Amino acid sequence: MLDTRTGEDTGTTSNRVRRTNLLRRRAWHPTAPSPTDSDTTEVIGPQLPDDSTVNFVLDLSLRIGEVQMSSGAGASDVTATILALTSALGLPHCEVDVIFTSITVTCHRGTTMAPVTALRVVRSRSLDYTRLTATEVLIRKIVRGSIGADAAQIELQKITEVGHPYPRWVATIAWGGLAAFITLILGGGWDIAIVAMVISAVVDRIGRLLNSFALPFFFQQVIGGLVATLTAMAVVSSSLLTTDKPTLVVAAAVTVLLSGLSTVSAVQDAITGYYVTAAGRTMETVLMTAGLIAGVVLALKSAVLLGLPRTPLPEVVDSTPQQLPVIILGSIGAAACFALASYSTIRAMAVAGIAGGIGGAVYGALKLTDLGAIGSSAVAATLVGLGGGVIARRIKVTPLVVAVSGLTPLLPGLSLYRGLYELGVEPGGSTSTIMTAIGIGLALAAGVVLGEYLAQPLRTGLGRMERKLSGPRMAGPLAPTDRRLD
C-alpha cells in the first residue's frame, strides 16, 4: 500500500524495518541465527525500470535542463524541473546537482543495485525565448502524462534543432529599437533616438561578425563599448546633431550592451542557496560589464588624446508629471523590442511590453517622490516580478521572459556611463556614481526575485479557485500538486 504522505510503499517500509532489526540482533548476539533467505528476498528500495530506460530518462531530463540553463533559468527552477520530470517518468528517487557549467543527476536504485549517474555540460548561452517556451510546454505534457519518454525525446530534438523564428536582421532592428526607446526614456528627442538606433544596430552586426570568429564575449563587449562611444562622439563632432544631450546616444548603447546579462539569475541563485552557480553567473556578469567599461573608458581616453570636442554629460533632472507618459511609452517599446530581439513569440512580446509599461509607470511615479533611484527601482522590479509570476504562467508565457524584458528599460545605462565619464575624463573623478549604478542593478535583480517569491502563494490560490470553478488545470510547467515549481 502507498503512503500518501511520504509516497513510500508501506510494505517496503515494513520489510526494511524487519531486516534492520534482524541485522541489529545479529550484531549484538553473534550466536543468533542469521537472517534467512526468506527474510531478505525482497529488494529494499524503489522498483525501477531496466537500465536502458533509466539512462534514457536521465538523458532526456538533462537535455531539458540544459535548454533551461542556457536560456538563463535559475538553478532552483532547473533542479525542480528535473526532479519532477524524473518522478513523472518512473524514477522517484533522484538527486540533482546544478552548477553554472554542468548538470548532474543521480538515480538511486535501492541497496542491492548501484546508483546511476549522468552528467551534461552546458556549453553555450543563447537568448531564444521561443525555444524556452516550447520546452516548458513539453515539460507540462510530460508531467501531465500525455506524452511518453520516446515521443518527448523526438519533440525535444525538433525544438533544439529548429532555427530561430525570425531572421537575424529582425533581431538587429529590435536591438536598435531598444536603444531608440531607451533614449526617449532618458529625455532625448527623436533625432537622438534615430542615431542611437543606427549605432546600436551597427554594434550588433559587428558583434555577430566577431562571434563567427569565436572571439570571447569579453572582447566583444570591449569592442562594442569602444565602437558605440567613438561613433557617438564622431557624430556629435560632425555637427549632425544639434542638441545639448548628445551623450544619451552612448548611454542608450551601454544599456543595450548591459541587457541580457544574467544578473537576475545570479541573484536568484544566491538567494535560493545555489552559491556555486551564483558565483559563476556573478563572475560572468562582472566580466562582461568590465569589458564594456574597458571599451567605453578606452574610447573616452582616445577622444581626449585625439582632441575631439568634449560632450558634457546631461544633468540628471527630477522627473515631472509631464514626462511620465513618455517614460511609460518608452518602457513598453523597450521591453517589447528586447523580447523581439531575444526571439520571443508575439504573445510573449506583448506581455513583456505590458510588464515594461508597469515597471516604467511605477518607477516614473516614485521618482516624483523622495524615494530615490535605488528604492524606486526595487519597488518597480518587485511589481514586475509579481505580475510576471502570477500572470505569465496563466497565459503560457515563461516568467523569465517577462522579468528580464520588463527590467530592461530600468537598467542604469546613463548612471554607468556618467560614472565612467567621471573616471575617464574628469580629473579627480569618484566612484560614487558607478556604485549607484551597481546598487540600482542589484535592486532590480533582488526586487524581481522577491516578486516571484510573493507570487507563489497567489498563484497557488488562483489555481485552487480555477480547479473549483472549471476543473483541474495546469498553472505552470508542473502540476499544481507539485509545490516545488509553484
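Source: prediction; values computed, not measured.

**Quick look at the overall build of the chain**
The secondary structure content of the chain amounts to 17 helices and three strands. Within the chain, the proportion of its 486 residues that are buried is 49%. Looking at the chain alone, contacts between residues at least 24 apart form 72% of all its contacts between residues at least 6 apart. Carbon and sulfur atoms form 64% of the exposed surface of the chain, whose accessible area is close to 22800 Å².

**Considering the packing of aromatic side chains**
Note on aromatic pairs: each is described by the distance of the centres and the angle between the planes. By the definition in use, this model includes two aromatic pairs. For the pair Phe-218 and Phe-219, a centre-to-centre distance of 5.3 Å together with 80° between the ring planes defines the contact as edge-to-face. With a relative accessible area of 23%, Phe-218 lands in the partly exposed category. Of the residues examined, Phe-219 reaches a relative accessible area of 42% and is grouped as partly exposed.

**Re the packing of helix H13 (residues 346-367) against helix H14 (residues 373-391)**
The N-to-C vectors of H13 and H14 enclose an angle of 150°; their axes lie 8 Å apart at closest approach. Taken together, the axis directions place H13 and H14 in an arrangement best described as roughly antiparallel. By crossing handedness, the relation of H13 to H14 is classed as right-handed. Where H13 abuts H14, its residues Ala-355, Gly-359, Val-362, Tyr-363, Leu-366 and Lys-367 lie against Ala-373, Ser-376, Ser-377, Val-379, Ala-380, Leu-383 and Val-384.

**Comments concerning helix H3 (residues 75-88)**
An ideal rise of 1.5 Å per residue puts 20 Å on 14 residues; H3 measures up with 20 Å between its terminal C-alpha atoms. Across the 14 residues of H3, 11 count as buried, placing the element largely inside the fold. Of all the residues in H3, the buried ones are Ala-75, Ser-76, Val-78, Thr-79, Ala-80, Thr-81, Ile-82, Leu-83, Ala-84, Leu-85 and Thr-86. At its buried positions, H3 is contacted by helix H2 (51-70), strand E1 (94-98), strand E2 (102-107), helix H4 (129-144), helix H10 (263-271) and helix H11 (275-306). Count one or two residues on from H3 and you reach Gly-90, which has phi positive near 100°.

**Quick word on the sheet that holds E2**
Sheet architecture is open: three strands sit in the order E1-E2-E3, paired in antiparallel fashion. Since the sheet does not close on itself, it has two edges, and those belong to E1 and strand E3 (116-121), each with one partner. In this sheet, adjacent strand axes meet at a mean angle of 10° when their direction is disregarded. Note: E1 against E2, five bridges, orientation antiparallel. When the bridges of E2 are listed, Val-98 appears paired with Ile-103. Against the sheet, H2 makes contact with E1, E2 and E3, and its axis sits at roughly 30° relative to E3, the strand it touches most.

**Some words on helix H9 (residues 248-258)**
For an α-helix, 3.6 residues make a turn, and residues three or four places apart therefore share a direction. In terms of burial, H9 is largely enclosed, as 11 of its 11 residues are buried. All buried positions along H9 are accounted for by Leu-248, Val-249, Val-250, Ala-251, Ala-252, Ala-253, Val-254, Thr-255, Val-256, Leu-257 and Leu-258.

**What to know about a nonpolar patch on the surface**
A contiguous nonpolar patch, built from Ile-354, Ile-358, Leu-371, Val-379 and Leu-383 and spanning about 410 Å² of accessible area, is present on the exposed surface. With respect to the helices, strands and loops of the structure, Leu-383 is situated in helix H14. Leu-383 sits in the partly exposed class, given a relative accessible area of 36%.

**Looking at the confidence of the model for the chain**
Scored by pLDDT, the chain has a mean of 77; 77% of the residues are at 70 or more. Of all secondary-structure elements in the chain, the lowest mean pLDDT belongs to helix H1 (residues 10-28), at 47, while E2 reaches the highest, 92. Per-residue pLDDT stays below 50 along residues 465-486; that stretch engages in 45 contacts with residues further than four places along the chain or on separate chains.

**Some thoughts on the side chain of Asp-269**
In this structure, Asp-269 sits in helix H10. The residues touching Asp-269, leaving out its near neighbours within four places in the chain, are Gly-74, Ala-75, Ser-76, Tyr-274, Tyr-275, Thr-277, Ala-278 and Arg-281.

**As for unusual backbone geometry**
Negative phi values dominate among residues other than glycine, just as trans dominates among peptide bonds. Positive phi, close to 60°, is recorded for Ala-214, a residue that is not glycine. Note on placement: Ala-214 falls in the loop between helix H7 (190-212) and helix H8 (217-237). Positioned with a positive phi, Tyr-343 is a non-glycine residue whose angle comes to about 60°. For Tyr-343, the location among the structural elements is in the loop between helix H12 (324-341) and H13.

**Some words on the environment of Ala-88**
Examined against the element boundaries, Ala-88 turns out to sit in helix H3. With residues up to four places along the chain from it excluded, the contact list for Ala-88 reads Ile-142 and Val-143.

**A few points about the pairing of E1**
Two faces belong to every sheet, and in a regular strand the side chains alternate between them. Residues Cys-94, Val-96 and Val-98 of E1 are buried on one face, while the alternating residues Glu-95 and Asp-97, pointing to the opposite face, are not. The turn joining E1 and E2, which pair antiparallel and follow one another in sequence, is formed by three residues.

Parameters at a glance
Here the residue index of a chain counts from 1 through its sequence in written order. Owing to the predicted nature of the model, reporting of local features is limited to residues with pLDDT of at least 70; listing and counting of side-chain atom pairs is limited to 80 or more, with chain, interface and lining totals taken over all residues. Side-chain measures were taken over the full set of non-hydrogen atoms in the model, leaving aside hydrogen atoms and water. The helix count covers DSSP runs of H or I at least four residues long, the strand count covers runs of E at least two residues long, and both are numbered beginning at the N terminus. Exposure categories follow from relative accessible area, calculated using a 1.4 Å probe and restricted to protein chains: below 20% of the type maximum is buried, above 50% is exposed, and the middle band is partly exposed. Contacts between residues were defined by any pair of non-hydrogen atoms, one from each residue, lying within 4.5 Å. Note on areas: Shrake-Rupley with a 1.4 Å probe; residue coverage comes only from the protein chains shown. Put simply, two rings from Phe, Tyr or Trp (the six-membered ring, in Trp's case) pair if the centres are within 6.5 Å, and we call them stacked under 30 degrees between planes, edge-to-face over 60, tilted for the rest. Interaxial angles span 0 to 180 degrees and are taken between N-to-C directions of axes, which are lines fitted to C-alpha atoms, for helices over the stretch in contact. For this classification, under 35 degrees means roughly parallel, over 145 means roughly antiparallel, 65 to 115 means roughly perpendicular, and everything else is oblique. Rotating anticlockwise by less than a right angle from the far helix to the near helix defines a left-handed crossing, while the corresponding clockwise rotation defines a right-handed one. Between the first and last residue of a helix there are one fewer steps than residues, each counted as 1.5 Å, and that sum is the expected span. At least two DSSP bridges between two strands are needed for those strands to be called paired. Patch membership requires more than 30% relative accessible area and the absence of a salt bridge. Residues of like charge join within 9 Å; the nonpolar side chains Val, Leu, Ile, Met, Phe, Trp and Tyr join within 5 Å. Only one rule defines a salt bridge in this text: a Lys or Arg side-chain nitrogen within 4 Å of an Asp or Glu carboxyl oxygen. Known as pLDDT, the predictor's per-residue confidence is scaled from 0 to 100.

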